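# An overview of the molecular structure
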Amino acid sequence: MLVEPQKKISKRLASLDALRGFDMFWIISGEGIFHGFANAVMAKYTLVRNPNDWTIATDNRLGFLEKMVVGVSNQLHHTPWNGFTFYDMIFPLFIFIAGVSMPYSFGSQLEEDGVNKAVAKKSIYHSLVKRTIILLILGMVVNGLLQWKGYENTRFASVLGRIALACFFAAIIFLNCSLKKQIAWFAILLVGYWAVMMLVPVPGFGAGVLTPEGNLSAFIDQHLLPGKLHRKVYDPEGLLSTIPAITSAMLGVFAGQFLRRKTGAWSGLKIGVTLVITGVVFILLGLLWNVYFPINKNLWTSSFVFYAGGWSILLFALFYVVMDVGGFKKWAAAFVWIGMNSILIYIAAHGLVNFESTSQFLFGGLIKKAPAVYQSAFLWIGVALIQLAALYFLYKKKWFLKV
């Protein structure tokens, strides 16, 4: 059974579970809430959404809260190609968080008194392989594998699949390499990906072409990735672009190792400040690399790894200082409920459970009493309440989806 009761929750960074829940909130119901309120603002002021990038133009007629709602809504869309929005950070942030947990989970197994390290490593490898296979399969199920649409209509690449592969290879590097060698692998993967994308010619396009149809990653997906491609000419979770995603997990691994080594030796505030400085440096490096290799989530470019990684480190620093250093944890309880069952709620919200219908069934009468322009937002607030109620129940029962 994947869902099983646990006798107690192991000691862990409270900030990590909360940040994971914060990250997931936006893709399970948060975006629906803000898009709903933004649509109400659009209707009130007859604003127009740009069909190319889904942004809503604002003007001086809008009040502060209205501008904030529209601004958040604009950030909850992926950039069409080059560029960066908050929504583009959700995926690499999740992978980063998974990386942070590795030094804690693997380290505790390898450093336990009297443990045979060879036996412990074998057990870890077994769990890694099992987890990777399960996530690959679950990713295909989320894509509609069980709808039996045929091989050519089935998408085999997936978000969960990329998480599985990125974390698997990052874990292998962490378990078998010293910190210096880990840094070397990090550099080799990022620089190597940059060099391959810019120097290897694509038939019919040439070398260094970074358009959706002309880049090397798309060419490999078209010829080697089984089933259908998510974007017809390329897949954002394709084969070649999974390589730099490994380094997104490795950034988390570096952060986790830093915390384990410095906790107790450094003050929590000093750790937080160091994380902030590191995050800013990575953002600046990402912007610098962007000049030569554009920040692009679809291609998971090396500059994207640095830029998204920098923002991930800053967010982690904020949650860490507030929760683990400052001890202010109650405010993030709902995020912890989400974060402790992140894979389960992701699968449920992306096809397993029709939360919108449930919200309509439970709150439809109240929603109809609201002005029509706000009904979509209230429907999604209902979705969030249902999800949080279910996740709170699972949390209190100590039932978590273990993969």
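Read on for a plain summary of the structure. (Residues numbered from 1 in each chain as written. Predicted model: local features only at pLDDT ≥ 70, side-chain atom pairs only at ≥ 80, totals over all residues. Heavy atoms only, no water.)

Within the secondary structure layout, Ser105 lies in helix α3 (residues 86-110). Each C-alpha atom of the pair Ser105 and Ile124 lies 9.7 Å from the other, and the pair is 19 residues apart in sequence. (Helix = DSSP H or I, 4+ residues; strand = E, 2+ residues; numbered from the N terminus.)

It is worth spelling out the pattern of salt bridges at this point. When charged atoms on two side chains of opposite charge get close, those side chains can pair. Overall, the coordinates contain 6 salt bridges when judged by the stated rule. Among the salt bridges present, the one from Asp17 reaches Arg20, with a minimum N-O distance of 2.9 Å. Of this pair, Asp17 and Arg20 both sit in helix α1 (residues 14-45), separated by 3 residues, roughly a single helical turn. Comparing Asp17 with Arg20, the two get one shared label, buried. Asp235 serves as the salt-bridge partner of Arg155, at 2.8 Å between the closest nitrogen and oxygen. You can see Arg155 sitting in the loop between α4 (117-142) and α5 (159-176) and its partner Asp235 sitting in the loop between α7 (216-224) and α8 (242-262), a full 80 residues away along the chain. On the basis of relative accessibility, which here comes to 7%, the residue Arg155 falls in the buried class. Several salt bridges converge on common partners, so that one network encompasses Arg155, Asp235, Glu237 and Lys297. (Salt bridge = Lys/Arg side-chain N within 4 Å of Asp/Glu carboxyl O. Buried < 20%, exposed > 50% of the residue type's maximum accessible area, 1.4 Å probe, protein only.)

Moving on: the environment of Thr358. By the secondary structure assignment, Thr358 is in helix α13 (residues 355-368). For Thr358, a relative accessible area of 29% translates into the label partly exposed. With 24 residues separating them in the primary sequence, Thr358 and Gly382 have C-alpha atoms 8.6 Å apart.

With that settled, consider the environment of Trp26. For Trp26, the location among the structural elements is in helix α1. What makes Trp26 buried here is its relative accessible area of 12%. Between the C-alpha atoms of Trp26 and Trp311, which are 285 residues apart in sequence, the distance is 16 Å. If we ignore the near neighbours within four places in the chain, the residues touching Trp26 are Glu31, Phe34, Val72, Leu76, Phe86 and Ile90. (Contact = heavy atoms within 4.5 Å.)

These values are about where atoms sit, not about what they do.
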